[in-house]
Amino acid sequence: MEEAVPFAAAVEMIHAYSLIHDDLPCMDDDDLRRGKPTNHKVFGEAVAVLSGDGLQSLAYETMLSQGYNENAWKAARAVAQGAGSMGMVSGQVRDMQATGQEVSAETLQKIHAEKTGALILAACLAGAYMAGAKAQDIESITGYAKALGLAFQIADDILDVTSTAEELGKTPGKDEKEHKTTYVSLYGVERAQQLAEQAAEQAQQALVRFGKKTEFLSITAQKAVKRRK
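For clarity, every value in this text was computed on a predicted model and none was experimentally measured. (Residues numbered from 1 in each chain as written. Predicted model: local features only at pLDDT ≥ 70, side-chain atom pairs only at ≥ 80, totals over all residues. Heavy atoms only, no water.)

**Considerations on the overall build of the chain**
Right, on to step 1. On a plain count of helices and strands, the chain comes out with twelve helices and two strands.
Right, on to step 2. Order of helices (α) and strands (β) in the chain, N terminus to C terminus: α-β-β-α-α-α-α-α-α-α-α-α-α-α.
Right, on to step 3. Its C-alpha atoms give the chain principal-axis dimensions of roughly 45 × 40 × 30 Å.
Right, on to step 4. Residues classed as buried in the chain amount to 45% of the 229 residues present.
Right, on to step 5. Contacts spanning at least 24 positions in sequence make up 69% of the contacts within the chain whose residues lie at least 6 apart.
Right, on to step 6. With the model as given, the accessible surface of the chain reaches about 12,500 Å², and the carbon-plus-sulfur share is 55%.
Right, on to step 7. A gap of 5 Å separates the mean positions of the 24 positive and 31 negative side-chain charges of the chain. (Helix = DSSP H or I, 4+ residues; strand = E, 2+ residues; numbered from the N terminus. Buried < 20%, exposed > 50% of the residue type's maximum accessible area, 1.4 Å probe, protein only. Contact = heavy atoms within 4.5 Å. Areas by Shrake-Rupley, 256 points an atom, 1.4 Å probe, with all protein chains shown as cover. Lys, Arg positive; Asp, Glu negative; His and termini not counted. Charge placed at Lys NZ, Arg CZ, Asp CG, Glu CD.)

Right, here's the structure in full:
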């Protein structure tokens, strides 16, 4: 577990940098994050961009501090892929391109899988690799992470129209204001909630072969669709 901590920290650094950049005026242009003024509102846009850049570099420095072994290499590669041009960054590009456009459910799921799901998958795979997981374990964890990512993002779509700024910690109603296609705009709140719960159930089912050892992950999937922020 001690050897996995740097990878967990690295994922959190990448997540934090992505939120700082996501809030910038050139992207989602938000003034609130976790109930507080966003980075660029406090320190200015230039510092916000540079702080995100610095966190990203520090994340890889932290992972590489462990030295080389095969499991660490696989874990670092999973994080790089999840955060990069075929993962989170690609999802953000697709999301920005889709703003103001009507997109299909298939395209929306692709956006969610990359923008949100890819980093969740990276976190799960990094932990699995550092634990010495076998091929069958990786397959199950991958199924769990992909379903969890979808459940989490559908819930996010729902909260954007059902939650308050105080509960959410960020500005609600932005998806509708920016004419973004979401699971709510495609299916309505009730059906979107059903789809989120189905995805959470799929995530839990992917863990069945592990028994009680992954109870925490199963609870995480349940909470992903019941959260208020």
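**Observations regarding unusual backbone geometry**
Right, on to step 1. Phi is positive for Asp 29, close to 50 degrees, though the residue is something other than glycine.
Right, on to step 2. One can find Asp 29 in the loop between helix H1 (5-22) and strand S1 (32-33).
Right, on to step 3. Of note, Arg 34 is a non-glycine position whose phi angle comes to about 55 degrees, a positive value.
Right, on to step 4. Along the chain, Arg 34 turns up in the loop between S1 and strand S2 (36-37).

**Topic: the packing of helix H7 (residues 135-162) against helix H11 (residues 189-205)**
Right, on to step 1. Between H7 and H11, the shortest axis-to-axis distance is 8 Å and the interhelical angle comes to 155 degrees. Taken together, H7 and H11 sit at an angle that is classed as roughly antiparallel. In this structure, H7 meets H11 at a crossing whose hand is left-handed. When H7 is examined against H11, the residues Tyr 144, Ala 147, Leu 148, Leu 150, Ala 151, Ile 154, Ala 155, Ile 158, Val 161 and Thr 162 are found in contact with a partner set consisting of Val 189, Ala 192, Gln 193, Leu 195, Ala 196, Ala 199, Ala 200, Gln 202 and Ala 203.
Right, on to step 2. A class-by-class count of the residues in the contact of H7 with H11 yields 16 nonpolar, three polar and no charged. (Axes fitted to C-alpha atoms, helices over the stretch in contact; angles between N-to-C directions. Parallel < 35°, antiparallel > 145°, perpendicular 65-115°, else oblique. Left-handed = near helix turned anticlockwise from the far one by under 90°. Nonpolar A, V, L, I, M, F, W, Y, C, P; charged D, E, K, R; others polar.)

**Remarks on the packing of aromatic side chains**
Right, on to step 1. Summed over the entire model, instances satisfying the criterion amount to one aromatic pair.
Right, on to step 2. Aromatic side chains Tyr 183 and Tyr 187 sit 5.7 Å apart centroid to centroid with 35 degrees between the ring planes, which places their arrangement in the tilted category. You can see Tyr 183 and its partner Tyr 187 sitting in helix H10 (residues 183-187), four residues apart, about one turn around the helix.
Right, on to step 3. By relative accessible area, Tyr 183 is classed as buried at 4%.
Right, on to step 4. Geometry around Phe 152 places Arg 227 over its ring, the cationic atom sitting 3.7 Å from the centre. (Phe/Tyr/Trp six-rings, centres within 6.5 Å; stacked < 30°, edge-to-face > 60°. Lys NZ or Arg CZ within 6 Å of the ring centre and 35° of its normal.)

**Description of H1**
Right, on to step 1. The end-to-end C-alpha separation of H1 is 26 Å, in line with the 26 Å expected for 18 residues at 1.5 Å each.
Right, on to step 2. Among the residues of H1, those classed as buried are Pro 6, Phe 7, Ala 10, Val 11, Met 13, Ile 14, Tyr 17, Ser 18, Leu 19, Ile 20, His 21 and Asp 22.
Right, on to step 3. For H1, the secondary structure elements touched by its buried residues are S1, helix H2 (39-43), helix H3 (45-64), helix H4 (70-83), helix H5 (88-98) and helix H6 (105-130). (Expected span 1.5 Å × (residues − 1).)

**As for the environment of Leu 159**
Right, on to step 1. Structurally, Leu 159 is set in helix H7.
Right, on to step 2. Linking Leu 159 and Pro 172, residues 13 residues apart in sequence, is a C-alpha distance of 7.6 Å.
Right, on to step 3. Residues contacting Leu 159, with those up to four places away along its chain left out, are Leu 168, Arg 227, Arg 228 and Lys 229.

**Focus on H5**
For an α-helix the count is 3.6 residues per turn, leaving residues at separations of three or four pointing the same way.
Right, on to step 1. Inspection of H5 places Met 88, Ser 90, Gly 91, Gln 92, Asp 95 and Ala 98 among the buried residues, and these make up the whole buried set.
Right, on to step 2. Structurally, H5 contributes buried residues whose contacts are with H1, H4 and H6.
Right, on to step 3. Backbone geometry just downstream of H5 places Gly 100 in the positive-phi region, at approximately 85 degrees.

**Brief notes about the pattern of salt bridges**
Right, on to step 1. Applying the stated criterion across every chain yields a total of twelve salt bridges.
Right, on to step 2. Lys 115 serves as the salt-bridge partner of Asp 22, at 4.0 Å between the closest nitrogen and oxygen. Of this pair, Asp 22 sits in helix H1 while Lys 115 is found in helix H6, placing the two residues 93 residues apart along the sequence.
Right, on to step 3. With its nearest N and O atoms 2.8 Å apart, the salt bridge here joins Asp 23 to Arg 33. Placement of the pair is Asp 23 in the loop between H1 and S1 and Arg 33 in strand S1, with a sequence separation of ten residues. Across the pair, exposure class does not vary: Asp 23 and Arg 33 are buried alike.
Right, on to step 4. Residues joined in a network through salt bridges with shared partners are Asp 22, Asp 23, Asp 28, Arg 33, Asp 95, Lys 115 and Lys 180. (Salt bridge = Lys/Arg side-chain N within 4 Å of Asp/Glu carboxyl O.)

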